[in-house]
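Here's the letter readout for the chains.
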Amino acid sequence: MSVNVSMAAIPAAVTDFIRGSHKLLIDGKWIAPASGKTFFTHNPADGRKLADIAAADAQDVDLAVAAARRAFEDGPWSKMTPATRAKLIWRLADALEAKAEEFAFIETLDNGKPLNDAKVVDLPHSIEVLRYFAGWCTKLNGESISLSNPGTWHAYTMREPVGVVGSITPWNAPLMMAVSKIAPALAAGCTVVLKPAEQTPLTALKLGQLILDVGFPDGVVNILTGFGETAGAAITAHPGIDKVTFTGSTDVGRIIIKAAANDFKRVTLELGGKTPVIVFPDADIDRAIEGAARSIFSNAGQICNAGSRLYAHRDVFDRLVEGVSRRAGEFRVGPGLEASTQMGPVVSQEQLDRISGFIASGKSQGAEVRAGGGRIGTEGYFVEPTVLTGTRPDMDVMQHEIFGPVLCAMSYEEADLDRIAREANSTSYGLGAVLWTRDLSTAHKMARKLKAGTVRVNGGGLDPALPFGGFKQSGWGRELGREGVEAYTELKSVAMAL
Ligand code: NAI
Ligand code: MG
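Scoring rules and cut-offs
Residues numbered from 1 in each chain as written. Chains lettered and ligands numbered in written order. Predicted model: local features only at pLDDT ≥ 70, side-chain atom pairs only at ≥ 80, totals over all residues. Heavy atoms only, no water. Buried < 20%, exposed > 50% of the residue type's maximum accessible area, 1.4 Å probe, protein only. Helix = DSSP H or I, 4+ residues; strand = E, 2+ residues; numbered from the N terminus. Pairing = 2+ DSSP bridges. Contact = heavy atoms within 4.5 Å. Domains from an automatic or database assignment. Buried area = accessible area lost by both parts, 1.4 Å probe. Near = heavy atom within 4 Å. Polar contact = N/O pair within 3.5 Å; in protein donor to acceptor, adjacent residues only side chain to side chain. Areas by Shrake-Rupley, 256 points an atom, 1.4 Å probe, with all protein chains shown as cover. Nonpolar A, V, L, I, M, F, W, Y, C, P; charged D, E, K, R; others polar. Arc of directions from axis to C-beta.

## Things to note about the pairing of strand β18 (residues 406-412)
Across the 7 residues of β18, 6 count as buried, placing the element largely inside the fold. Two elements, strand β13 (residues 307-313) and β18, share 5 bridges in a ladder whose sense is parallel. Each bridged residue has a counterpart across the sheet, and for Tyr-311 the counterpart in β18 is Met-410. Judged from the 3 bridges that link them, strand β17 (residues 386-389) and β18 form a sheet pairing that is parallel. In the strand pairing of β18, Thr-386 is matched with Val-406.

## So, the environment of Leu-310
If you trace the backbone, Leu-310 turns up in strand β13. According to the relative accessible area criterion, Leu-310 is buried, its value standing at 2%. Taking the C-alpha atoms as reference, Leu-310 lies 9.4 Å from Ala-424; in sequence the two are 114 residues apart. Residues contacting Leu-310, with those up to four places away along its chain left out, are Val-277, Val-279, Ala-292, Leu-320, Leu-407, Cys-408, Ala-409 and Met-410.

## Points about the sheet that holds strand β26 (residues 489-497)
Pairing in this open sheet of 3 strands is antiparallel, and the strands run β5-β6-β26 from one edge to the other. Looking at which strands have only one partner, the edges of the open sheet turn out to be β5 (144-145) and β26. As judged from the 9 bridges shared by strand β6 (residues 153-161) and β26, these two strands associate in the antiparallel manner. When the bridges of β26 are listed, Trp-153 appears paired with Ala-497.

## Remarks on the domain arrangement of the protein chain
In terms of domains, the protein chain is made up of domain 1 (12-271 + 475-494) and domain 2 (275-463). Distance from the C-alpha centre of domain 1 to the C-alpha centre of domain 2: 30 Å. Taken together, the contacts link 26 residues of domain 1 with 25 residues of domain 2. Both faces considered, domain 1 and domain 2 share a buried interface measuring about 2000 Å² in area, 61% of it formed by carbon and sulfur atoms.

## Points about the site of ligand 1
Around ligand 1, 26 residues are found, and the nearest of them are Trp-171, Glu-198, Ser-249, Arg-354 and Glu-401. Ser-249 places a polar side-chain atom, nitrogen or oxygen, 2.7 Å from an oxygen atom of ligand 1. Here an oxygen atom of ligand 1 sits 2.7 Å away from a polar atom, N or O, in the side chain of Arg-354. When isolated, ligand 1 has an accessible area of 810 Å², and the protein chains bury 92% of it. When contributions to the shell around ligand 1 are tallied by element, the ones reaching two or more residues are α9 (228-237), β10 (243-247), α10 (250-261) and α13 (349-364). Here the element with the most residues in the shell around ligand 1 is α9; it accounts for 3 residues. When grouped by side-chain class, the residues that make up the shell around ligand 1 number 11 nonpolar, 10 polar and 5 charged.

## Let's talk about helix α16 (residues 440-449)
Burial in α16 covers these residues: Thr-442, Ala-443 and Met-446. One face of α16 carries all of its buried residues, which in axial projection span an arc of 100°. Among the exposed residues of α16, those pointing more than 90 degrees away from its buried face are Leu-440, His-444 and Arg-448. Looking at the buried positions of α16, the neighbouring elements they touch are β12 (275-279), α15 (417-424), β20 (432-436) and β21 (454-457). In this structure Asp-439 caps α16, since a side-chain oxygen of it lies 2.9 Å from the backbone nitrogen of Ser-441.

## Things to note about unusual backbone geometry
Leaving glycine aside, a negative phi is the common case for residues, and trans is the common case for peptide bonds. Of note in this structure, Asn-299 is not a glycine but carries a positive phi near 55°. We classify Asn-299 as buried; its relative accessible area is 11%. The phi dihedral of Lys-472 falls on the positive side, at around 45°, and the residue is not glycine. Its place among the elements puts Lys-472 in strand β23 (residues 471-472).

Here you go:
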């Protein structure tokens, strides 16, 4: 990609931060990894080296877990009132809001996403998640329980923090993911050891600085940068961790379940998806076209619930495919810092190769490329927004998460809701589903039939109050909402003879 004059100027504070030395946040201090090892990250827009990062290992995990344990058991954190915890989390939200511009630039440089997306999606959502969960600190109640023999016993339940939480996050929305794990854990009274993805660790490190600035006690949040097979595996195996919360691939989710089985760690998993977008003939087709295009091309398709399978009734199929293919051609692909960019590069050479491999496999199995299908340029990791037709349910592109801007489109013949739902449910995933229809009855009937954690009808976004998670191999448990904070608690029953 050629450097354009409309490229946003990077603030000096951002350059200074990225070039600075990056250490591990353990027990309220920035310290070098025990091994002394480092690695570096790339700017996905040009493939060049971006920052040197500390590579944490098992020894560093030991230190971080010990610090988190002290802060949880003896430290000021466990003695702090919920209202004071709420105030600290809210202060973190304010601090993040004050630095939102810097964070947006760092996210774009590290992950590749358009600066405008970082500004209008990632930052506001992260700030809102913090504020939303700050509110929960003071609202985690148990219940008084009506027993079968009232009058002789009295019983109630209460919610206690689960303890030390290990959080492992991915690279597609780095800050949002880090905040979505930290905020509910802190609200519940837990302490945290966070390992951000090795591709995109910078905004988590910058958040660590704010966590210190606003006055969280030492050891409450520890941040270890490093690789999954070393730092991540040490976290999931550590006997001092009470719960693991993970967002990433289904394969690693499986590894985590096995590691957690030893000592029955609590586990929350947000894994892959293969979200179907089902268009009924009565839908507002223009809106459905725009919605379907945004759902798969936003963030270059690197969203767990990206609408990656399009099912449209045969009467509207051609119009849909033409419309989405036209939008694919119009999407301005370029460096995230360029003002006109609507879709940035994918995060890494590895993801570029993976996506290219899926497109090639689709073609070799008989799919037709209706838009895109190739790489753009030779510098950076740019993929064309792609639409495939002639895809059959048994093809790899229809069964696996591509995690790129690739839509597979199929038509269906008749409006038999059970058949459509069977088709939509025919992958191992169950994260999301999208419906486009103006018929209330169709919408509600289909919402029941779909095996998906979230069903969206005619659009609808992400909200901190709305539980999010997957059926089937898309995960365990829910994040966000009341369920999202309760997932960081243990329920205790107290029974008393009167
Ligand atoms: P990944 O699942 O390997 O990485 C996610 C996180 O898990 C990173 O922090 C990584 O360091 C950590 N990790 C990796 N191996 C680990 C292990 N053995 N123990 C503990 N932690 C470990 O995902 P990857 O390789 O970056 O991407 C591969 C595919 O995964 C993508 O193409 C996409 O299909 C899927 N994915 C899904 C995401 C989602 O939001 N559901 C996010 C990222 C990837
Ligand atoms: Mg991996």
